[in-house]
Amino acid sequence: MLKAHNLVKIYAASGVPVHAVRGLDLEIEAGEFVAIMGPSGSGKSTLIHMLGGLDPRTSGEIWLDGKRVDTLSESGWALLRRKKVGFVFQGFNLVANMTVADNVELPALLAGTSPREARERREQLLDKLSLSDRAEASPGQLSGGEQQRVALARALANRPALLLADEPTGNLDSRNTRDVLRLLGEVHRGGQTIVMVTHDARVAALADRVVSLLDGEIVDDGRIPRRKIAGAGEVIDLR
Amino acid sequence: MSTARAATRWISADLRARKGQAALTVLAVAGILAALLTGATLLEEGTNPWRSLFGQTNGAHIWIHTTERPDVWRLRELDGVATSAGPYRSAPVTLVQDGKRPQAALRGLPAQLPEVARPQVQEGRWLSSEQPDGAVVERSFARASGLRLGAPLTLNTVGGSRQVLYVRGIADSAEQGFYPEWTPGLIWVLPSTLDRIEPKHELSEWVTGLRLADADATQVVSQRVLVELRQVERVYTWREVRAAMELDNRLLGTLLALFGVVGLVAAALALANAAGGRVLGQLRDLATLKSLGFTRGQVALLLVAEHGALGLLGIGIGLAAGWVLPVVLLGAGAAAPLPVLAIGAGAALVVLAAVGLPAWRGGRTPPIPAAPAAPPRGHLSRLARLALLVRLPPALVLGTRDAFTRRVPAFLTAFGLAVPMMMITIGLGVWATLDGFLKNPEQVGQSAALIVKTGKLTQGQAEELIAREPGVERSYPGSTVNALAPGEARSVQVRAIGGSREPYPYPVAEGRGYSQPGEGVAGQGLLDLLGVKIGDRVRLTVGGSPLIVRIVGRVVEPDLDGQVLSVGLDTLEAKDSVPPGYHALVLKPGADPGEVRLRLLSASQEGLDVQRVVNPAERLGVLRPVIAALIAVLALIGLANLLTAIGLGLRDHASDLAVLKAMGLTPRQVTATLVTATGLLVVAGVLTGTAVGAATVTGLIDLQGHTSGVGAGIGRPPAAATLVVTVLAAVSAALAVALIPARRAARAHVTTARLTHGVPSGRS
């Protein structure tokens, strides 16, 4: 489904080259839920941004659904993201001026769905995330957890094959974290491929597989046995 | 299509979030466009009433006034002459009307309307032999004198008899300019009626109009006419008539066009500022849009559409207003569609160019919404550190630093305020110049407030009455004659007034006043017309005899486009100057012209004919509301720029607020910091704009004076007190506007959580 080969990212900040990702190889199967862990500055955000085309790679290859995508232009990536990639960010990034409903319908409209279909899909999603009554609220009126649920609804609006989540629970308290993780679990059970960046071991425990980064390189890549996922919030000892 | 739907949602949501600013932008652009279009309409020839009047009346190109009846057949045989009108006998009369005594020419026309120069009856009907006491009055004269259909028309002839006619019709004519710019007023009567009212033929003149096959041949033909005819009193052509009709419209049009063009630049700048500020404030939202799948081009297009739409809406409203305003307010004809389209298209291009750059920058936003969009970090300059060392209030120092954190927006804000302020100063200068005309008429060549003609009295009686009047400082005898200029197919006015030894107090702008016979001073219009300069001699012909005058100076001359030569009465031959045609009365300081006039009238038992001199500022009164409206629009533009700057400043410094509070600044000090940051740019912009405006206004008005013939030397900068008040008003209004959001921001409870939501602190 998603494959990265010898992926390198070098930032040339103020003249000094910084190697954020150094020759990384990664293969993710369809339907997999992968958590990418690592300390601050290990390159995990950079990696997920490159995988979604938000940040261009310096060298290396990215393949999505059997097609090479790292050579796409910025616009090419944008078109690809509309249909195939959904993003969830740590800061939620809801468009502040738009209502919850508009935020969720926006990607569907962008992908060419009719306004009626977009509305129906939005109603379904918000219903599922128990946000129906907040449809006409503005993002500023919502709590952090609610905002992240809306962001998740927005990312899922086009039923993307790949959901990329960058620290989705980083700004949330434990109750909201639990809610969001429960939703991610449901999405995953629906067959969606999810790649999630986190530095929280409890959050990572929800995934099928945990990839650990350190200084831009993979230092560990291991699967978590399925049965161990009894519930989110449980402390899991990761070797 | 799909993108359009998504984009529309985003645009409408964003516009809803900033209704006030959007409305301000639309209003400012609309106001500027209306001014621009009105200016162009007034400048455009199509709106000059002369063209349609000339067409409707099948007008004559050349008008000749002679003392004797000319042989019209000889004139018609001249090369280039197609047909002729007249000759009509014309007698000077004075209309007795509500205490005013306007001069009029009583012209004998047949009951059958002529083919050429046919007056166009607008109300009532044309002359008929069944109504021998009927008269038809030219429309502008009727309006100025308050004459309606059926009103009695009491006329005093030169001989002193009083006759009453009745207004049977009101008609338009292209024979002469509008009253009161063009005097005398025009009244048509049947030739038999004219003979009854003024039987003496020596007191009248003959007026002949020539219609040419080709209007461009006017110059050549009128020179031939001068050669053919003797006893020519006066010749004028369609060009003078056209110029007279467009006089005020041109000045107003120039003013509006100047304000419109500069205002458009200012509005475009305001729009670019607003769009740029908005884009900076929305970098995160734009990045989010890109992460959702908007391409770079689509984001840029979306921004152009949003901000451009505001500008285009303003342009639309402005064009509509500019189309209607000249018709409603000034009675000018509607603008031709071509200039409207050209102005609209040009303004649309300017608007799109103005929003294009910020939109392009917005499109280039990296698609990572978490990317920091914080302002470039400045550091305390040496000056600022010194300021802190000498214990200036910290709010002042920090505000000063903040003001210039973003150099380009800071410059654009100051510049965006300076341009409207410059134009406001220029507007105030025009206002001050008009005030100057009114307060010091002697500076525009109008030392005399009253013109007295002897009327029924003898010269001696009149002079005695004037001498007894306590309000009169001095009386200058004068005569006005028409002179033919060599090589010019038209007459110019020679005003002989005062003696060469005791010259009339003209405001001499260049050279000196006349001091001996044979010397004269001229208005700029005359110098330009004859192509002469100070020191040159001109040779003119007055009533057949030559008049040679050395021009020794240029005076400010508001009459007849400045095409007036002024000499001492003793420069004219005795036949033209004795007795003098009138007395120009210079009043004592403080004497009221109206009272002096009434006293003279009652002392002479209404025998004297006393007229007040019309100040050019009274004619230009329409400029004042126009200036006020323009200042309002410019203030809107300034306000739009200010709001952008405040919004950007608050956004940039939101993260600093918590830090400042943590450092121990009180909310009041935080407010002061924010207000100082905006206020400094305001002060810089306002002061620069005012200085530039004050420095250029005199030159601009003089330039306009030069081209209109009045001559340089009329421009007045606004008074220092006015400028100080304006600057203070602008700055304090700006500070008041800045204070409200600053206070709100300073009192808001800023938490770190909100900080991370509102302004990302960096990438994780």
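Within every chain, residues take consecutive numbers counted from 1 along the sequence as written. Written order determines the labels here, with chains lettered from A and ligands numbered from 1. Totals for whole chains, interfaces and linings use all residues, but because this is a predicted model, local features are given only for residues with pLDDT of at least 70 and pairs of side-chain atoms are given and counted only at 80 or more.

A. The confidence of the model for chain B, seen in detail. Known as pLDDT, the predictor's confidence for each residue is given on a scale from 0 to 100. Residues of chain B with pLDDT of at least 70 account for 91%, and the chain-wide mean is 80. Mean pLDDT values for the elements of chain B range from 39 in helix H23 (residues 752–758) of chain B up to 89 in strand S5 (residues 134–138) of chain B. Counting from the N terminus, the helices are the DSSP runs of H or I reaching at least four residues and the strands are the DSSP runs of E reaching at least two.

B. Representation of the domain arrangement of chain B within the structure. One can read the domain layout of chain B as domain 1 (1–48 + 247–372), domain 2 (87–206), domain 3 (380–440 + 619–759) and domain 4 (447–614). Domain ranges listed in this record stem from an automatic or a database domain assignment. One C-alpha centre belongs to domain 2 of chain B, the other to domain 3 of chain B, and the line joining them spans 58 Å.

C. Representation of helix H6 (residues 174–189) of chain A. Residue and element names in this part refer to chain A. Between its terminal C-alpha atoms H6 stretches 22 Å, which fits the 22 Å expected from 16 residues at 1.5 Å a residue. Where H6 is concerned, the buried positions are Thr177, Val180, Leu181, Leu184 and Val187. Viewed end-on, H6 has its buried residues packed into an arc of 115°, placing them on one side of the element. Exposed and facing more than 90 degrees away from the buried side of H6 are Arg175, Glu186 and Arg189. Of the surrounding secondary structure, the elements contacted by the buried residues of H6 are helix H5 (144–156), strand S7 (162–166), strand S8 (193–197) and helix H7 (201–204). Where H6 ends, the next residue or the one after it, Gly191, has phi of about 100°, a positive value. Each helix should span, by expectation, one fewer than its residue count multiplied by 1.5 Å. Partly exposed residues are those falling between the two cut-offs: more than 12 but fewer than 20 other C-beta atoms within 10 Å of their own, whereas 20 or more means buried and 12 or fewer means exposed, with C-beta atoms placed from the backbone. The directions considered for the arc are those from the helix axis to the C-beta atoms. Here, residues touch in the contact sense if the C-beta positions derived from the backbone fall within 7 Å of one another.

D. Here's a closer look at the interface of chain B and chain A. Every contact between the two is made by 29 residues of chain B and, on the other side, 31 residues of chain A. Looking at the side of chain B that touches chain A, the elements that each hand over two or more residues are helix H1 (2–17), helix H9 (283–292), helix H10 (296–330) and H23 of chain B. In terms of residue count, H1 of chain B provides more of the side of chain B that touches chain A than any other element does, nine residues in total. Residues are sorted three ways: Asp, Glu, Lys and Arg are charged, Ala, Val, Leu, Ile, Met, Phe, Trp, Tyr, Cys and Pro are nonpolar, and all the rest, Gly among them, are polar. Here the residues of the side of chain B that touches chain A sort into eleven nonpolar, ten polar and eight charged.

E. Spatial organisation of the UniProt feature "transmembrane region" (unreviewed entry) in chain B. Residue and element names in this part refer to chain B. Per the UniProt record, "transmembrane region" (unreviewed entry) is annotated on residues 22–43, 251–272, 309–331, 338–360, 410–434, 626–650, 671–701 and 721–740. Overall, residues 671–701 shows 100% helix and 0% strand. The separation of its end C-alpha atoms is 43 Å. Annotated as 100% helix and 0% strand, the span residues 721–740 places its first and last C-alpha atoms 29 Å apart. UniProt positions are given in the numbering used here, feature names are shortened, and annotations may be inferred rather than shown by experiment.

F. Examining the nonpolar core more closely. With 283 residues, the main nonpolar core has Ile36 of chain A together with Ala28, Leu33, Ala267 and Leu271 of chain B as its most contacted residues. No other element matches the 19 residues that helix H8 (residues 238–281) of chain B contributes to this core. Leave out the neighbours within four places in its chain, and Ala267 of chain B touches Ala28, Val29, Ile32 and Ile637 of chain B. A set of buried residues drawn from Ala, Val, Leu, Ile, Met, Phe, Trp, Tyr and Cys, joined through C-beta atoms within 7 Å, is what defines a nonpolar core.

G. Geometry of the sheet that holds S8 of chain A. All names here are of chain A. Taken in spatial order, the six strands make up an open sheet running S6-S7-S8-S3-S9-S10, and their pairing is mixed. Strand pairing shows two members of the sheet lacking a second neighbour, strand S6 (85–88) and strand S10 (217–223), which therefore form its edges. Between one strand and the next, the sheet's axes are offset by a mean angle of 15°, whatever the strand orientation. A pair of strands is considered paired only if DSSP assigns at least 2 bridges between the two. Where strand S3 (residues 33–37) and strand S9 (residues 209–214) come together, four bridges link them in parallel fashion. Within the sheet, the bridge partner assigned to Ala35 lies in S9 and is Val210. Where helices are involved, their axes are fitted lines through C-alpha atoms of the stretch in contact, as for all axes, and angles between N-to-C directions lie from 0 to 180°.

H. Representation of the sheet that holds strand S5 (residues 67–68) of chain A. Residues and elements named next belong to chain A. Taken in spatial order, the four strands make up an open sheet running S2-S1-S4-S5, and their pairing is antiparallel. Edge strands, defined here as strands with exactly one partner in the open sheet, are strand S2 (16–28) and S5. For strand S1 (residues 2–13) and strand S4 (residues 59–64), the ladder comprises five bridges, and the chain directions are antiparallel. Residue pairing for S4: His5 is matched across the bridge by Glu61.

I. Expanded view of the environment of Ala738 of chain B. In this fold, Ala738 of chain B is placed in helix H22 (residues 720–747). Ala738 of chain B sits 160 residues away from Val578 of chain B along the chain, and the two C-alpha atoms are 71 Å apart.

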